[in-house]
Amino acid sequence: MALARRMSRWARALLLACAAVLLPACGADGPAPGSTVIVFKHGKLFGDPAPLRALLDEFERLHPGIVVREQTLPASSDEQHQFYAINLQAKSRAFDVLAVDVIWVAEFAHAGWLQELTPQLPPRERSAFFAGPIEAVTHQGRIYAVPWFVDAGLLYYRKDLLEKYGLPVPRTWGELVRTAQAVMAREPGIAGFVWQGKQYEGLVCNALEYLWSNGGEVLSAGRVVLDTPRNREALTFMADLVHRYRVTPASVTTATEEPSRHVFGQGRALFLRNWPYAWRLFQDPRSRVYGKVGVTLLPHFEGGASAATLGGWQLAVNRHSRYPVAAGELVRFLTSERAQKRLALAYGFQPARVALYRDAEIRAAQPFLATLERVFAAARPRPVTPYYVRISQVLQSELSAIVAGLRTPHAALAASERKLRKILADEL
Ligand code: GLC
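Residues numbered from 1 in each chain as written. Predicted model: local features only at pLDDT ≥ 70, side-chain atom pairs only at ≥ 80, totals over all residues. Heavy atoms only, no water.

(A) Main features of the domain arrangement of the protein chain. Its domain assignment divides the protein chain into domain 1 (9-151 + 311-378) and domain 2 (154-307 + 387-427). Look at where the C-alpha atoms of domain 1 and domain 2 centre, and you get two points 30 Å apart. Contacts between the two partners involve 24 residues from domain 1, matched on the other side by 17 residues from domain 2. Regarding the contact of domain 1 and domain 2, the summed buried area is about 1,700 Å², with carbon and sulfur atoms giving 73% of it. Contact with domain 2 buries area across many residues of domain 1, yet F46, I103 and F368 alone supply 31% of it, more than any other trio. Where domain 1 packs against domain 2, one counts 0 salt bridges. Counting the contacts that link domain 1 with domain 2 gives 4 residue pairs in polar contact (both at pLDDT 80 or more). Listed by contribution, the elements that provide at least two residues to the side of domain 1 that touches domain 2 are α3 (77-89), α4 (105-110), α14 (337-347) and α16 (369-378). By residue number, the principal contributor to the side of domain 1 that touches domain 2 is α16, which donates 4 residues. (Domains from an automatic or database assignment. Contact = heavy atoms within 4.5 Å. Buried area = accessible area lost by both parts, 1.4 Å probe. Salt bridge = Lys/Arg side-chain N within 4 Å of Asp/Glu carboxyl O. Polar contact = N/O pair within 3.5 Å; in protein donor to acceptor, adjacent residues only side chain to side chain. Helix = DSSP H or I, 4+ residues; strand = E, 2+ residues; numbered from the N terminus.)

Below, the structure written as structure tokens:
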């Protein structure tokens, strides 16, 4: 009896061991109902989670036997990066599909953490997407993620207040400051201009927009060119917004996307720099700024041209996923034209597929697209390199010292230039 019990324990253990080895190899992606659970990891959504879940339910209906479990990470790109760097490095199989920031694909692909997806996105299908994200998901000629939605920096403004004081929408940074000061003088409790000044990735996105809109650069022909007169002038302006013109509150040093969106959304600021998602949230009739918001290109310096940082998220498959086929199917489904349209309407995610910019429903929901489509097409990528996060960490700490008024732009740019040259020299 005892022997029989021991035997059956052995038999069970053997069976389980065989199943563990055989299932992935023999198509556990297959149709057995309930047998394949794919975990989809993505950052916290700004808005109701139901529309994304409805899409996933639809995917499950179309793929009997596959169940998709969602797991969310904090909204901040930096925190998500930390999670992935630790877990992918450790060859975790705890998640299959992941949403990756446009700046990480080169690093993750270089490290061998992502499944190659070239067959999902053969060359003839790539022109359906914006060029910037396609460049970002391509590593050594191969595709490692599929663009999901794009971001580009925009200027939100209080239409009602500009109309009240007969002021035009500013085109240059100088005009923005003068307009903000004029309105602040007459509207107590209103901040002039809120943006993202915390020490994190968003600050790099904001700072690049100042540099680029003054004709400045970070890299030129592969060389770091940070400590230049144009860059110094642009970052002096960034610090002056807080310390000299006082149109940006000192609390900007703690602001990420959502806190700055809340300040503006509560009617406490005239101008806001943010990504497109904010538009849909201001269109909620319960929002205090409902019907009072306009959106336009970011301003530029005299003689410069408006510049928006390219952001956005892509879907990739964990190289160590047990279910690469099913995971790849989910990526295909969620990045399809239909899914991108649903997500654009539900979350204000700007489609990465160009054709959707002609879609009547999306245009009706986002009337600014008629004039701002070119902002998305022309948005500028941050340097596409496997070492981007190291570069960004240097910039984040130096830029944050500038915003806090602790370092001059000249000192911070010179130090960043030295450190970045070293990173690039070490890595190349
Ligand atoms: C948005 C962008 C992303 C960027 C991040 C910075 O999520 O899509 O590319 O890195 O903001 O906070």
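Still to come is the rest of the account.
(B) Molecular detail of the site of the ligand. Every one of the 14 residues lining the ligand counts as a neighbour, but D101, D151, E257, G312 and R382 are closest to it. The side chain of D151 places a nitrogen or oxygen atom 2.5 Å from an oxygen atom of the ligand. Expressed as a share of its isolated accessible area of 310 Å², the protein-covered part of the ligand is 93%. Among the residues making up the shell around the ligand, the classes are represented as 5 nonpolar, 4 polar and 5 charged. When residues are assigned to domains, the shell around the ligand turns out to be shared by domain 1 (9-151 + 311-378) and domain 2 (154-307 + 387-427), each giving three or more. (Near = heavy atom within 4 Å. Areas by Shrake-Rupley, 256 points an atom, 1.4 Å probe, with all protein chains shown as cover. Nonpolar A, V, L, I, M, F, W, Y, C, P; charged D, E, K, R; others polar.)

(C) Just the side chain of D359, in detail. Among the secondary structure elements, D359 is positioned in the loop between β14 (350-351) and α15 (360-365). Separated by 3.0 Å, the side chains of D359 and K341 make a polar contact.

(D) The environment of L270, seen in detail. Residue position: L270 is located in strand β11 (residues 269-274). Each residue touching L270, except ones within four places of it in the same chain, is listed here: Y156, Y157, R158, L161, L162, T179, A180, V183, I190, A191, G192 and F264.

(E) Geometry of the packing of aromatic side chains. In this structure the tally under the stated criterion is 28 aromatic pairs. Ring plane angle 70° and centroid distance 5.2 Å describe the contact between F130 and Y357, whose orientation is recorded as edge-to-face. One end of the pair, F130, is in the loop between α5 (123-126) and α6 (131-137); the other, Y357, is in the loop between β14 and α15, with 227 residues separating them in the sequence. For F130, a relative accessible area of 6% corresponds to the buried category. Ring pairs connect the aromatic residues F83, Y84, F95, W104, F108, W113 and W313, which therefore count as one cluster. R273 extends its terminal NZ or CZ atom over the ring of W275, reaching a point 4.2 Å from the ring centre. (Phe/Tyr/Trp six-rings, centres within 6.5 Å; stacked < 30°, edge-to-face > 60°. Buried < 20%, exposed > 50% of the residue type's maximum accessible area, 1.4 Å probe, protein only. Lys NZ or Arg CZ within 6 Å of the ring centre and 35° of its normal.)

(F) Summary view of the pattern of salt bridges. Tallied over the full model, the rule gives 24 salt bridges. R53 serves as the salt-bridge partner of E70, at 3.9 Å between the closest nitrogen and oxygen. One end of the pair, E70, is in strand β2 (residues 66-73); the other, R53, is in helix α2 (residues 50-62), and 17 residues separate them in sequence. Exposure remark for R53: the relative accessible area of 23% places this residue in the partly exposed category. Salt bridges here are not isolated pairs; linked through shared partners, they connect R53, D57, E60 and E70.

(G) Quick peek at the sheet that holds strand β8 (residues 191-194). Pairing is mixed across the open sheet formed by 4 strands, whose spatial order is β8-β11-β7-β12. The strands lining the two open edges of the sheet, one partner per strand, are β8 and β12 (293-296). Neighbouring strand axes in the sheet, compared pairwise and without regard to direction, differ in orientation by 15° on average. Across 4 bridges, strand β7 (residues 154-158) lies against β12 in antiparallel orientation. Counted as the bridge partner of Y157 is G294 from β12. Helix-sheet contacts for helix α11 (residues 257-265) involve β7, β8, β11 and β12, and the interaxial angle to β11 is about 155°. (Pairing = 2+ DSSP bridges. Axes fitted to C-alpha atoms, helices over the stretch in contact; angles between N-to-C directions.)

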